[in-house]
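The primary structure of each chain is shown beneath.
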Amino acid sequence: MRAAVLHEIGQDKLEVLDDVEAAGFGPGKARIRVRATGLCHSDLSAMAGVLPQPGPFVPGHEGAGEILDVGEGVTHVKPGDRVVLCWLPACGTCPACKRGQTELCLAGFLNAGTPNFKRPAGDIFGFAGTGTFAEEVVVDAGCAVPIPDDVPFDVAALIGCGVTTGLGAALNTADLEAGSSVAVIGCGGVGISAIQGARLKGAAEIVAVDPVVSRREAALKFGATKAVSPDELADAKQSVTGGEGFDYVFEVVGRSATARTAYENTRRGGTLVVVGAGAMDDFLQLSMFELFFDEKRILPSLYGGGDVLRSYERAITLWRAGRIDLEGLITHRVPLADINEALDQMRTGTSLRTCIEI
């Protein structure tokens with residue numbers, strides 16, 4: 001089968017090979033025919049070594065497809081079922097799961113250390129234990145979440161990561177108050193989803209911040225009341241909040257510099273929500289005095305900060321009701337053979353989400 005492989009961490013291009021085999025099928029596993037997958041910035045971060053991931057590996061973790069086969073003991077899905085891939089499945093038995101914080105379950109992260117592809121040259125890992133830039137993938141059955149027949153594969157793929165992460169940051173982690181002022185720094189697919197979540201919660205002012213003109217224009221269509229470049233954020237803070245700062249600021253880039261900017265633009269007593277996935281050696285500096293004196297809440301949001309399966313269901317319900325726009329997030333479509341074109345679209349910021357059709 002075909003799959004897009006990164007041979008060494010730090011390379012900026014993938015090689016599409018046709019001698020890759022999905023490996024590891026057995027009890028408790030599911031074999032999935034991938035039909036659509038989105039390109040998330042986390043894939044680029046893993047390729048660059050910003051996020052830890054053993055190589056060589058097949059990127060991709062935001063996918064949807066059909067069940068081809070299931071191993072012994074798997075009862076919640078069967079061949080022919082349509083599923084979205086969950087890269088962070090909950091085991092249900094660890095302390096985090098028992099506390100109801102299933103997004104903090106480490107079982108999914110442990111999957112990333114086991115190869116789930118192979119070729120004559122050796123074993124290949126799947127990013128985040130999945131690897132959706134492939135025609136087929138074998139995953140733990142918990143990664144296969146059934147979806148209704150009326151949900152297109154491309155829409156389902158986005159729900160698998162970006163939409164759930166962005167919506168959840170606003171709805172779960174921040175649980176922002178109606179009438180509040182909001183700034184979202186970084187307006188790709190996740191940032192736009194956070195904007196839609198803020199709109200759903202009744203935010204009065206939503207300022208989208210991004211250096212790319214097309215993304216700022218898109219943000220206005222998805223619910224932002226104002227869209228500015230990073231250089232214009234100070235003026236927006238003055239005009240929208242009288243200089244006090246925003247009630248909520250979402251950092252959706254994953255860099256300490258933008259997190260610091262987000263902190264400085266959050267009002268005293270306000271809330272900074274950190275959504276972007278950054279590097280382990282990129283440190284955010286805050287003085288002990290400002291932490292005490294400003295009383296700003298800093299809330300990290302991993303995968304939307306809530307129960308993933310409930311978040312999937314909520315996103316589907318909101319999409320069906322026309323309360324959120326998911327199709328509009330897909331600005332580009334490419335076949336797997338043109339995966340490097342999709343990478344360039346993400347790096348230059350010309351896309352919100354590129355759908356790779358497999």
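Basis of the calculations
Residues numbered from 1 in each chain as written. Predicted model: local features only at pLDDT ≥ 70, side-chain atom pairs only at ≥ 80, totals over all residues. Heavy atoms only, no water. UniProt positions renumbered as here; feature names shortened; annotations may be inferred. Pairing = 2+ DSSP bridges. Helix = DSSP H or I, 4+ residues; strand = E, 2+ residues; numbered from the N terminus. Axes fitted to C-alpha atoms, helices over the stretch in contact; angles between N-to-C directions. Contact = heavy atoms within 4.5 Å. Buried < 20%, exposed > 50% of the residue type's maximum accessible area, 1.4 Å probe, protein only. Arc of directions from axis to C-beta. Patch = residues over 30% accessible without salt bridge, like charges linked within 9 Å, V, L, I, M, F, W, Y side chains within 5 Å. Areas by Shrake-Rupley, 256 points an atom, 1.4 Å probe, with all protein chains shown as cover. Salt bridge = Lys/Arg side-chain N within 4 Å of Asp/Glu carboxyl O.

An unreviewed UniProt entry lists the chain under the name Alcohol dehydrogenase, from Streptomyces capitiformicae. Quoted straight from UniProt, the Sequence similarities (unreviewed entry) entry for the chain says "Belongs to the zinc-containing alcohol dehydrogenase family." On record in UniProt, under Cofactor (unreviewed entry), the comment for the chain is "Zn(2+)".

Caption draft 1: How the structure looks around the sheet that holds strand β14 (residues 226–228). Taken in spatial order, the six strands line up as β14-β13-β12-β15-β16-β17 in an open sheet, and their pairing is parallel. In this open sheet, the two strands that pair with only one neighbour each are β14 and β17 (297–300). Ignoring strand direction, the axes of neighbouring strands in this sheet form an average angle of 20°. As defined by bridge partners, strand β12 (residues 181–185) adjoins strand β15 (residues 246–251) across four bridges and the pair is classed as parallel. Looking at β15, one finds that V184 is bridged to F250. Together, β12 and β13 (205–209) form the strand contacts of helix α6 (residues 189–200), whose direction differs from that of β13 by roughly 175°. Taken strand by strand, helix α9 (residues 256–264) contacts β12, β15, β16 (266–274) and β17, and its axis lies near 150° from that of β16.

Caption draft 2: Highlighting the UniProt feature "domain: Enoyl reductase (ER)" (unreviewed entry) in the chain. If you check UniProt for "domain: Enoyl reductase (ER)" (unreviewed entry), the listed places come out as residues 10–352 in our numbering. For residues 10–352, helix accounts for 31% and strand for 24%, while the C-alpha atoms at its two ends are 23 Å apart.

Caption draft 3: Quick peek at helix α7 (residues 213–221). Within the span of α7, buried status applies to R215, R216, A218 and A219. Take α7 and look down its axis: the buried residues cluster within an arc of 160°, on one side only. Immediately downstream of α7, the backbone of G223 shows phi near 130°, a positive value.

Caption draft 4: Highlighting the sheet that holds strand β8 (residues 117–119). Taken in spatial order, the four strands line up as β3-β8-β9-β5 in an open sheet, and their pairing is mixed. Both edges of this open sheet fall to β3 (21–22) and β5 (57–58), since each of them pairs with a single strand only. Strand direction decides the pairing type here: β3 and β8, joined by two bridges, are antiparallel. For E21, the partnering residue across the bridge sits in β8 and is K118.

Caption draft 5: Molecular detail of a nonpolar patch on the surface. Judged by side-chain polarity, L104, L106, F109, L110 and L302 come together as a nonpolar surface patch covering roughly 480 Å² of accessible area. Take F109: it is sitting in helix α3 (residues 107–111). Judged by its relative accessible area of 42%, F109 is partly exposed.

Caption draft 6: Broad picture of unusual backbone geometry. Following G55, the chain continues into P56 via a peptide bond in cis, with omega recorded as -5°. With respect to the helices, strands and loops of the structure, P56 is situated in the loop between α1 (41–48) and β5. Located in the positive-phi region is A128, a residue other than glycine, with phi close to 55°. Position of A128 relative to the elements: it lies in the loop between β9 (122–126) and β10 (136–140). A128 sits in the buried class, given a relative accessible area of 14%. Although it is not a glycine, E295 adopts a positive phi angle of roughly 50°. Its location among the elements puts E295 in the loop between α10 (288–294) and β17.

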